[in-house]
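Descriptive analysis of the structure
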Amino acid sequence: MKLPITWLKRYIDVPWTPEQLAEALTLSGTKVEHLEKKSGESVLELEITTNRPDCLSMLGLAQEVAVLTGNKIKFPKILKSVLNKKNSAVKPLAIIIEDPKGCPKYTARLIQNVTVRPSPVEIQNCLGWMGTRPVNQVVDATNFVLFETGQPLHAFDYDKLIGRRIVVRRSRAGERFLGLDGTEVALDEKTLVIADAQRPVAIAGVMGGKLTEVTEHTKNILLESACFDLGLVRQASRKYKLFTESSYRFERGVNPGNILSASARACDLTLQWDPGASAGPIFEKGPRKEAKAKPILLPLLTLEKMTGLKISLSRTGTILKNLGFNVRPIGADKILVTPPGSRGDIQLEADLIEEVLRIEGFDKVRAALPMTRHPETPIQDPKATGVLKLKQFLSDLGFREIITVSLISEKALVNAGFTELGRAQKIVNPLSAEQAFLRPLLLPGMLQTILYNVSRKADALKLFEIGNRYAAGVEATVLAVSIYGNLEDHWRRKIPASFYDLKGITENILDFLKIKNVQWHENDACPKYKNSSTLTMDGKKIGTLGDLSQPLLGHWDIARPVIYGELVLDGFFKKSGEPKIIQVKPLPKYPLVHRDVAFMIDERVSVAALETLMKKAALPYLSKVRLFDEYTGKNIASGKRSLAFSLAYQKNTGTFADEEINALQTKISEALKNTYQVEFR
Amino acid sequence: MIGALKKLEVDFRGELPLVSNLDQLEALKVKYLGRKGLFTSVSGRIAELSKEEKKLAGQAMNRVKLLLEQLFADRESLFKSQAISSEKKIDTTMPGTFYAPGSLHPLTRVILDVTQLFERLGFSVVDGPEVETEYHNFEALNIPPNHPARDGFDTFYLENGHLLRSQTSTVQIRIMEKVKPPLKIIAPGKVYRPDATDATHAFMFHQIEGLMVDKDTSFADLKGALLAFAKEFFGSKTRLRFRPHFFPFTEPSAEVDIFWEAQGQWLEILGAGMVHPNVLSALKIDPRAYAGFAFGMGVERIAMLKYGVEDIRQFFENDVRFLRQFE
């Protein structure tokens, strides 16, 4: 909304410079976005919030200036003769409202014998400041009054209306409408229109039609002043993409109390500028009197409690009166307040409190650190805090956090090996095909990030992202983690990343989260992973990690291996109930005894199975089994591998004798030999 | 003879500093203390002396021998230690081989800074879903259908009838459905709006929502909480300005600007207000008994201000040269 200061001064004295006015308006809630000086005129560009349609008019803004300056508003005077023209005996027009909910009130005023001509220069200037093109005195009068009062008006060429009737109804299938701006639209069956006996001549509250446009040949005018349902105007405006000064105001709500006075004002101006014209009768449909706003009781104590500020009864009353409210004291500490018709936004105590506070000034409230003065059970959301801690942990482990967008293209999904598109949610209204899906996995964003950085010469990346994914109707918070290139790369050590590095990090994470009951399952090669492992917890799959397959990386032009894992975090964060208290165990009295065992074995036998077997064979003394070497290649038959374990024996009752240890080693060797035909080295 | 011993000692002291390695030292030792060395030849003369003289000469011989042995030993250990150190000498200017550090995303840093401050003020960090219902995103927040108040909250819809939340205020509703006041929460998270992407707009961004509801909560508490945040986050000289504004879910509502010395102007950073009575009523919390404040801030916006980031897209490109700056 633009506010030309010269125009404002038609209604109120402004004792301030434009800059001072801008500051005062901004701090009282009418935000001035900028101050523009155009050919000697200062125009304020205002941001009017949707709850204040009254400020979409010069008089509404004058009210704001009135309460800020204490000055009185000079309302425009309207000739008595215009105001008093009521329905005459002649009935040249019938108004039929088929949808009274869509159009609670409709008035039409006849202005006769007009000679269409330009409006006065100062009026044309006013419209120019608002960015509206001057047309002729009839149209300019409607626009001028729209800006002055906030009530949209429309002038029809009376003689072009067929059948001398105005029907406010819903459009019918197949009807078309040609707007004043030249756009033609096919109407649906829901649009509220103004029609004559045969066809729509305006989309209600949005735009008038070309067929009944006022032209230089027009002699008689029918001036519409009405109000329409907010939602219907909004729907029509959006549906037909017609955004007008009129629809902008109607969808926010106009003051029905202005309908008649705005019509009279426009008529009055037309007559002033066109002495040959004469005011005709006015036709009305709808309630004569507007429903009065409900009075609201405001106890001073509530005001003080809500704002933390003491404001006197008289000061409170003055502020509200200067805003145009009707105020009546009830006792010494309450007031009964009735808002004016222009302030449909004021319905509750809280609304009044805001009015008083915004004028008194938010800066008057003294800041106080909030305390909770009542016993409180703090809310616990272990996940929200746990995720932040986990991010810190991963960063400490040398991983870099990334955040990628959650809306992704179909191509990205397919290239990341996600082929069951039916399990992913499609966005109904994406801005582009790039945002077609809500991500069901984090892999595409990770690969995109690796590609982005590799093409900018990054040679080693350790990345993670914690975010939500949405698959098969379930939203889950997941961790995606990847290693590309060398895990370590410096002059002493160059270690290419392997599956085991990511596995180790995953084990670190599980330790950090104190998760114990996780099982690892080896997977067969699949299109997505070359080698991979699936993690389960209580029988439920919680994640997969592995070496991404060459073909998959090929889709992303990533030449070197990527180790990737994705883990569902939701089950990991537990509410801490009773505190877990560590109970210290006594340290072992007798030292550990270490022995090694090394053998060749079929490469398909898993290390996990061997560990179990050895522990069982040397029960209960074998306390630790640690793999320290794996070897294949030279001197090892194909299909076999050489493994070396370090075994630690522990006894609680005394030190081992050599014979005892030898006996245990023999047991283990026997078990290995009997079960897997191993060859000792 | 005592004179000869004295001379031997003086000669030795003169020769010893000229020795520069273990081999030379060994040769010197042979010369003085060897079987046919100088000491032996001097001490051999003891037989020629009288009984009285023998006693004195014997003492002198012992003293000189011990002294020589001591000096040899010292020199020897010095050479040995030098030999060791030259063997193990390393180039300490070579780079250390520490593990390369990781980093938190700048948006996470902001979220951590903000949530940690509010945790100190007694707020609990909470989380809510991104896929939401029409009810939680709009109706419960006092935003009726077909209302222009929805203009600011354009929303992505899913084919299953749900939507992607367009503000974290949904968490207010989710929490108050479950927990009765008094409560103090802080809820960071992602939100989505179909805005065309440019340097200051992204269709996905982050917000942090704060909410406090208690019997005597007032606008003064809101100001106190936000002032504490602004001073801690932007520096102790930061000033705040509250401008009246409109949000459907708060009344009174305010937009909050900071005056940050580094920028020298008022900058809008967040929206706030007292929880709208309709919101409380819908959650069966009596607005006559309880009052609350709520605020919401855009994480990208304050991260851009604080770190001098000029393009919001940098947050989602994840260029490691950008991320590395937040180690």
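Our next topic: the overall build of chain B. If you tally the helices and strands in chain B, you get 12 helices and nine strands. The C-alpha atoms of chain B give 42 Å as radius of gyration, which overshoots the globular expectation for 327 residues (20 Å, by more than 25%). In chain B, of all internal contacts separated by at least 6 residues, the share reaching a separation of at least 24 is 66%.

Here we take up the overall build of chain A. Each helix and strand counted, chain A has 19 helices and 33 strands in total. By the compact-globule yardstick of 26 Å for 681 residues, chain A is too spread out, its C-alpha radius of gyration being 40 Å. Taken along the three principal axes of its C-alpha coordinates, chain A extends 130 × 65 × 50 Å. Relative to its full complement of 681 residues, chain A shows a buried share of 40%. For chain A, the share of sequence-separated contacts (at least 6 apart) that also reach a separation of at least 24 residues comes to 67%.

In this section: the interface of chain B and chain A. When the parts of a complex come together, some accessible area is lost, and that lost area is often taken as the interface size. The partner chain A presents 83 residues to the 76 residues of chain B that form the contact. Ranked by residue count, the leading element in the side of chain B that touches chain A is helix α8 (residues 219-234) of chain B, at eight residues. For the side of chain B that touches chain A, the per-class residue count stands at 45 nonpolar, 16 polar and 15 charged.

For B:A4, the location among the structural elements is in helix α1 (residues 2-15). Here the alpha-carbon distance between B:A4 and B:L141, two residues 137 residues apart in the chain, equals 112 Å.

A cis amide bond links B:P181 to the next residue, B:P182, at an omega of 5°. Here the residue pair B:E251 and B:P252 is connected by a cis peptide bond, since its omega of -10° sits within 30 degrees of zero. Among the structural elements, B:P252 can be located in strand β7 (residues 250-260). Phi at A:R164 takes a positive value of approximately 50°, unusual for a residue other than glycine. Within the secondary structure, A:R164 sits in the loop between β6 (153-157) and β7 (165-170). We note that B:K284 has phi near 60°; this positive angle belongs to a residue other than glycine. Relative to the helices and strands, B:K284 is located in the loop between α9 (277-282) and β9 (291-298).

To continue, consider the domain arrangement of chain A. Parsing chain A into structural domains produces domain 1 (2-69), domain 2 (80-285), domain 3 (296-364), domain 4 (382-572) and domain 5 (593-680). Distance between the C-alpha centres of domain 2 of chain A and domain 3 of chain A: 37 Å.

Next up on the list: the confidence of the model for chain B. Model confidence for chain B is summarised by a mean pLDDT of 89, while 98% of its residues fall at 70 or above. Two summary scores accompany this predicted model of the complex, namely pTM at 0.84 and ipTM at 0.87.

A separate point is the sheet that holds strand β4 (residues 183-192) of chain B. Residue and element names in this part refer to chain B. A sheet is described by the order of its strands in space; here seven strands give the open sequence β1-β4-β5-β9-β8-β7-β6, paired in mixed fashion. Taken across any chain shown, the strands that pair with only one partner, and hence form the sheet edges, are β1 (124-125) and β6 (239-247). Bridge count between β1 and β4: two bridges; the pairing is parallel. By the bridge assignment, V125 is partnered in β4 with I186.

What follows concerns helix α10 (residues 299-307) of chain B. All names here are of chain B. Looking at α10, one finds that the buried residues are V299, E300, I302, A303 and M304. If you follow the buried residues of α10, they end up packed against α5 (106-120), β5 (204-214), β8 (265-275), β9 and α11 (314-317). In the stretch just after α10, G308 is the one whose phi turns positive, near 70°.

B:L226 and B:A272 are the most contacted members of the largest nonpolar core, which totals 140 residues. By residue number, the principal contributor to this core is α8(B), which donates eight residues. Each residue touching B:A272, except ones within four places of it in the same chain, is listed here: B:L222, B:L226, B:A254, B:V256, B:F293, B:A294 and B:F295. A:L59, A:A108, A:F177 and A:A279 belong to the second largest nonpolar core, which has 77 residues in total.

Turning to helix α10 (residues 300-307) of chain A, a few remarks are in order. Residue and element names in this part refer to chain A. All of the buried residues in α10 are L303, M306 and T307. The arc that holds the buried residues of α10, viewed along the axis, is 85°, so those residues lie on one side. Just downstream of α10, G308 is the residue with a positive phi angle, here 70°.

Below, the discussion takes up the domain arrangement of chain B. Here chain B is partitioned into domain 1 (2-87) and domain 2 (106-326). Placing the centre of domain 1 of chain B and that of domain 2 of chain B at their C-alpha centroids yields a distance of 89 Å.

This part takes up the environment of B:G296. Residue and element names in this part refer to chain B. Along the chain, G296 falls in strand β9. With 23 C-beta atoms counted inside 10 Å, the residue G296 sits in the buried group. In this structure, the C-alpha to C-alpha distance between G296 and G210, residues 86 residues apart in sequence, is 6.3 Å. When residues no more than four places from it in sequence are discounted, the contact partners of G296 are Q167, T168, S169, Q207, E209, L270 and G271.

All names here are of chain A. A sheet is described by the order of its strands in space; here five strands give the open sequence β4-β7-β10-β11-β12, paired in mixed fashion. Sheet topology places β4 (94-97) and β12 (207-208) at the edges, where each strand pairs with a single neighbour. Across two bridges, strand β11 (residues 200-203) lies against β12 in antiparallel orientation. The partner of I203 across the bridge, within β12, is M207.

The subject of this paragraph is the pairing of strand β3 (residues 41-47) of chain A. Residues and elements named next belong to chain A. Where strand β1 (residues 2-4) meets β3, three bridges bridge the pair, whose relative direction is antiparallel. The partner of K2 across the bridge, within β3, is E45. Two elements, strand β2 (residues 31-38) and β3, share seven bridges in a ladder whose sense is antiparallel. Each residue of the ladder has a partner; that of H34, found in β3, is E45. Counted along the chain from β2 to the antiparallel partner β3, the turn is two residues long, and its residue S39 has a positive phi close to 35°.

For the rest of this paragraph, the subject is the packing of α5(B) against α10(B). Residue and element names in this part refer to chain B. Remark: α5 packs on α10, axes separated minimally by 9 Å, with the N-to-C direction vectors making an angle of 100°. Here α5 lies roughly perpendicular to α10, going by the angle between them. In contact with P106, L107, V110 and I111 of α5, α10 contributes V299, E300, I302, A303 and Y307. Residue classes in the contact of α5 with α10 are distributed as eight nonpolar, no polar and one charged.

For the rest of this paragraph, the subject is the environment of A:P287. Structurally, the position occupied by A:P287 is in the loop between β14 (278-285) and β15 (296-299). Separated by 182 residues in the primary sequence, A:P287 and A:K105 have C-alpha atoms spaced 6.7 Å apart.

Bringing the packing of helix α18 (residues 607-617) of chain A against helix α19 (residues 658-676) of chain A into the picture now. Residues and elements named next belong to chain A. As a packed pair, α18 and α19 sit with axes 8 Å apart at the nearest point and diverge in direction by 135°. The orientation of α18 with respect to α19, classified from their angle, is oblique. As for how α18 packs across α19, the hand of that crossing is right-handed. Together, L613, M614 and A617 of α18 and K667, I668, A671, L672 and T675 of α19 make up the contact between the two elements. Grouping the amino acids of the contact of α18 with α19 by side-chain chemistry returns six nonpolar, one polar and one charged.

Parameters at a glance
Residues numbered from 1 in each chain as written. Chains lettered and ligands numbered in written order. Predicted model: local features only at pLDDT ≥ 70, side-chain atom pairs only at ≥ 80, totals over all residues. Helix = DSSP H or I, 4+ residues; strand = E, 2+ residues; numbered from the N terminus. Rg over C-alpha atoms; globule rule 2.2 N^0.38 Å. Contact = placed C-beta atoms within 7 Å. Buried ≥ 20, exposed ≤ 12 C-beta atoms within 10 Å, placed from the backbone. Nonpolar A, V, L, I, M, F, W, Y, C, P; charged D, E, K, R; others polar. Domains from an automatic or database assignment. pLDDT = per-residue confidence, 0-100. Pairing = 2+ DSSP bridges. Core = buried A, V, L, I, M, F, W, Y, C linked by C-beta atoms within 7 Å. Arc of directions from axis to C-beta. Axes fitted to C-alpha atoms, helices over the stretch in contact; angles between N-to-C directions. Parallel < 35°, antiparallel > 145°, perpendicular 65-115°, else oblique. Left-handed = near helix turned anticlockwise from the far one by under 90°.

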